[in-house]
Amino acid sequence: MADNKRTFDVIIVGAGVVGSLCARELARYQLDILLLDKCSDVGEGTTKANTAIVHAGYDAKPGSLKATLNVAGNALYDEVCAELDVDFDRCGTYVVGLADGDESTLQALLARGLENGVPALEIISGEEMRRREPALTSDARAALYAPSGGLVDPFQLCYAAAENAVANGVELRLNTEVTGLWRNDERIVGVLTPAGPIRGRYVVIAAGLWADTLMHQAGLDSFAIRPRKGEYFVMDKAAADVVRNVLFPCPTSVSKGILVTRTIHGNVMLGPNAVEQDDKCDLSTTQAGLNEVMEGALKLVPGLDSRHVIRTFAGLRAGGNTGDFYIDAPRSTPGLVVLAGIESPGLTAAPSIARYVTALLGESGLCLEPRPAFSPIRHGIPRFSELDDAEREALIAQDPRWGRIICRCEMVSEAEIVAACHAPVPARTYDALKRRVRVGSGRCQGGFDQPYVIDIMARELGVSPLEITKKGRRSQMVVRRTKELRA
Ligand SMILES: Cc1cc2nc3c(=O)[nH]c(=O)nc-3n(C[C@H](O)[C@H](O)[C@H](O)COP(=O)(O)OP(=O)(O)OC[C@H]3O[C@@H](n4cnc5c(N)ncnc54)[C@H](O)[C@@H]3O)c2cc1C
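Residues numbered from 1 in each chain as written. Predicted model: local features only at pLDDT ≥ 70, side-chain atom pairs only at ≥ 80, totals over all residues.

Asker: Looking at this model, I keep getting lost on the overall build of the chain. Mind explaining?
Answerer: Tallying secondary structure elements over the chain gives 12 helices and 22 strands in all. With respect to the principal axes defined by its C-alpha atoms, the chain has extents near 65 × 65 × 45 Å. Taking all 487 residues of the chain together, the buried fraction comes to 48%. (Helix = DSSP H or I, 4+ residues; strand = E, 2+ residues; numbered from the N terminus. Buried ≥ 20, exposed ≤ 12 C-beta atoms within 10 Å, placed from the backbone.)

Next comes the structure, spelled out in structure tokens:
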């Protein structure tokens, strides 16, 4: 049951990358903070399904919140990822011009980037671009190079931020849906949940696709979110030698275009397309959409081999009707801070959004007294696959479970699974574990490891294997026992 006598200083609705980084930023101060999410893990919304690029910041309209927070967020990535032990590679990104007129688009992007304050942008020739990316199409005429762009693991950033927030005193409640805002006259005084109301002096809505639903309850009717689907292919690491860089085509009127990129973990990813839809829950991929993605990707890198595809997925952009991020503490509803329309580059901007929201709360009267005990440092679980022989031997000597490989494709040891089950934000579902330690992320997609993983998770979490789900409610992985164990 929710405790309706306790009053939190700040309640954050939504534990995506934005809400989790907001919680961590606010944990620097002497505040009682509650981070809520309706899902069974943090980062289950748009945070788990995007392109994972830390954008340089040449796309957004100068002067917009998107432009300002993109460039500011990008600049914070080295510090945030070092503190939180998150994989980040400032490898640079390219926009490649392939058609008539693309060179003028690249010049326009360069000018926009300079106006937005993006550092060290340059236009390079098609010949130089092909030298840097030998598999690139011979149609490449020129490219915009943005050395400040990069690659990150968005889930890792999200749960690392949530873990660091929890370690600094933030309370995290999962499986808790906010069904309404609790009002006392004009002022917001908390949130309503199926388990009862929860009091809060300030409520921050960081609910991604559902931000508008909660805004409308506060009388902020003019903002609307229309989901825009993006579909992807993920390729095996065996395809990694084909693509070295992050390759965008020139942007279209609705998206940054279908790109070809390596990922931070060494796979290759193609996508996304952009298809508007009404349903905020429909994450299905379609044959037509995937065909569009493959065609777009082949225009950039004609030698891509579809036999390397190991997975398809889709994400939904929380496209707002203003074209910009909406981040505000509306005067009409004291106690409320709203974040809506946080579509791309929301992942990039997330660290600066967290600072912006903290400043907004301060201006709205929240007392921001620094907490001397705050520690920004979080240590992740060592990855057996990335250690050298001496490091592996040292860990196995401490605990033999480091030497028991459960996922052969990604070389994940039993000890990593055990550690993820007992982390400050523990993995309680198969997908949560997959996001933390990469079990089931390789060629076999979990075909070999799942029975072992279910057993280990059940043992560590103290539940029956029948209770281990893929992603929470109604997604059981095994439904009944078929053989009785002999005594
Ligand atoms: C196809 C695609 C590609 C993208 N590529 C990039 C990229 O390369 N770089 C980049 O910078 N950005 C990119 N983005 C944008 C980026 O993914 C998002 O901006 C970012 O993930 C938004 O995070 P969030 O925390 O605001 O939202 P979410 O991750 O959606 O989190 C919102 C959370 O709120 C919870 N919630 C909702 N309603 C309630 C409720 N009533 N009660 C409790 N909890 C609730 C949800 O469960 C969810 O966990 C892309 C997005 C898409 C879809």
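Asker: Explain the site of the ligand here, please?
Answerer: What surrounds the ligand is a group of 39 residues, the closest being Gly 16, Gly 45, Gly 208, Gly 230 and Gly 346. Elements with a contribution of two residues or more to the shell around the ligand: helix 1 (17-26), strand 18 (309-320) and helix 8 (346-363). (Near = placed C-beta within 6 Å.)

Asker: Would you mind going over helix 3 (residues 102-116) with me for this structure?
Answerer: Note that an α-helix has 3.6 residues per turn; residues three or four places apart therefore point the same way. Between the first and last C-alpha of helix 3 there are 21 Å, a value that for 15 residues agrees with the 21 Å anticipated at 1.5 Å per step. Elements in contact with the buried residues of helix 3: helix 2 (65-84), strand 5 (93-97), strand 6 (122-125) and strand 7 (142-146). Within two residues after helix 3, Gly 117 carries a phi angle of roughly 90°, on the positive side. (Expected span 1.5 Å × (residues − 1). Contact = placed C-beta atoms within 7 Å.)

Asker: Teacher, can you tell me more about the environment of Pro 451 here?
Answerer: Inspection of the secondary structure assignment puts Pro 451 in helix 12 (residues 450-461). Overall, Pro 451 belongs to the partly exposed group, with 14 C-beta atoms counted inside 10 Å. Distance in space between the C-alpha atoms of Pro 451 and Asp 32 is 41 Å, their sequence separation being 419 residues.

Asker: Quick question: what am I supposed to make of the packing of helix 10 (residues 414-421) against helix 11 (residues 430-437) here?
Answerer: When two helices pack together, you describe them by how their axes are tilted relative to each other and by the distance separating the axes. Direction vectors running N to C along helix 10 and helix 11 enclose 115°, while the axes themselves pass 10 Å from each other. Between helix 10 and helix 11 the crossing geometry is right-handed. On helix 11, the residues touching Glu 416, Ile 417 and Ala 420 of helix 10 are Leu 433, Arg 436 and Val 437. Classifying every residue of the contact of helix 10 with helix 11 by side-chain character gives four nonpolar, no polar and two charged. (Axes fitted to C-alpha atoms, helices over the stretch in contact; angles between N-to-C directions. Left-handed = near helix turned anticlockwise from the far one by under 90°. Nonpolar A, V, L, I, M, F, W, Y, C, P; charged D, E, K, R; others polar.)

Asker: Explain helix 8 here, please?
Answerer: The axis of helix 8 is deflected most strongly, by about 40°, at Ser 352. Just beyond helix 8, the residue with positive phi is Gly 365, at close to 110°. (Bend = angle between axes of the 7 residues up to and from the residue.)

Asker: For this particular structure, what's the right way to read the sheet that holds strand 3 (residues 53-54)?
Answerer: The strands making up a sheet associate through backbone hydrogen bonding, with each pair oriented either parallel or antiparallel. Taken in spatial order, the three strands line up as 3-8-4 in an open sheet, and their pairing is antiparallel. Two strands in the sheet have a free side with no partner beyond their single neighbour: strand 3 and strand 4 (88-89). By the bridge criterion, two bridges tie strand 3 to strand 8 (residues 150-152) in an arrangement that is antiparallel. By the bridge assignment for strand 8, Ile 53 is matched with Leu 151. In the packing of helix 2 onto the sheet, contacts are made with strand 3, strand 4 and strand 8, and the angle to strand 8 comes to roughly 45°. (Pairing = 2+ DSSP bridges.)

Asker: Hey, could you run me through the domain arrangement of the chain in this one?
Answerer: Think of interface size as the accessible area that goes away when the parts come together; that is how it is often given. Its domain assignment divides the chain into domain 1 (1-87 + 151-224 + 321-380), domain 2 (93-147 + 230-310) and domain 3 (386-467). One C-alpha centre belongs to domain 1, the other to domain 3; they are set 30 Å apart. Contacts between domain 1 and domain 3 engage 12 residues on the former and eight residues on the latter. Here the element with the most residues in the side of domain 1 that touches domain 3 is helix 5 (residues 154-167); it accounts for six residues. A breakdown of the residues in the side of domain 1 that touches domain 3 according to their chemical character gives seven nonpolar, two polar and three charged. (Domains from an automatic or database assignment.)

Asker: Before we go on, may I ask you to explain the environment of Glu 484 in this structure?
Answerer: For Glu 484, the location among the structural elements is in the segment after helix 12. Taking the C-alpha atoms as reference, Glu 484 lies 39 Å from Gly 380; in sequence the two are 104 residues apart.

Asker: Just to check I follow, could you spell out the packing of helix 1 against helix 8 for this structure?
Answerer: Contact geometry for helix 1 and helix 8: axes closest at 8 Å, N-to-C directions at 40°. Relative to helix 8, helix 1 is oriented so that their crossing is right-handed. Contacts between helix 1 and helix 8 involve Val 17, Val 18, Leu 21, Cys 22, Arg 24, Glu 25 and Leu 26 from the first element and Gly 346, Leu 347, Ala 350, Pro 351, Ile 353, Ala 354, Arg 355, Val 357 and Thr 358 from the second. Taken together, the residues of the contact of helix 1 with helix 8 break down into 11 nonpolar, two polar and three charged.

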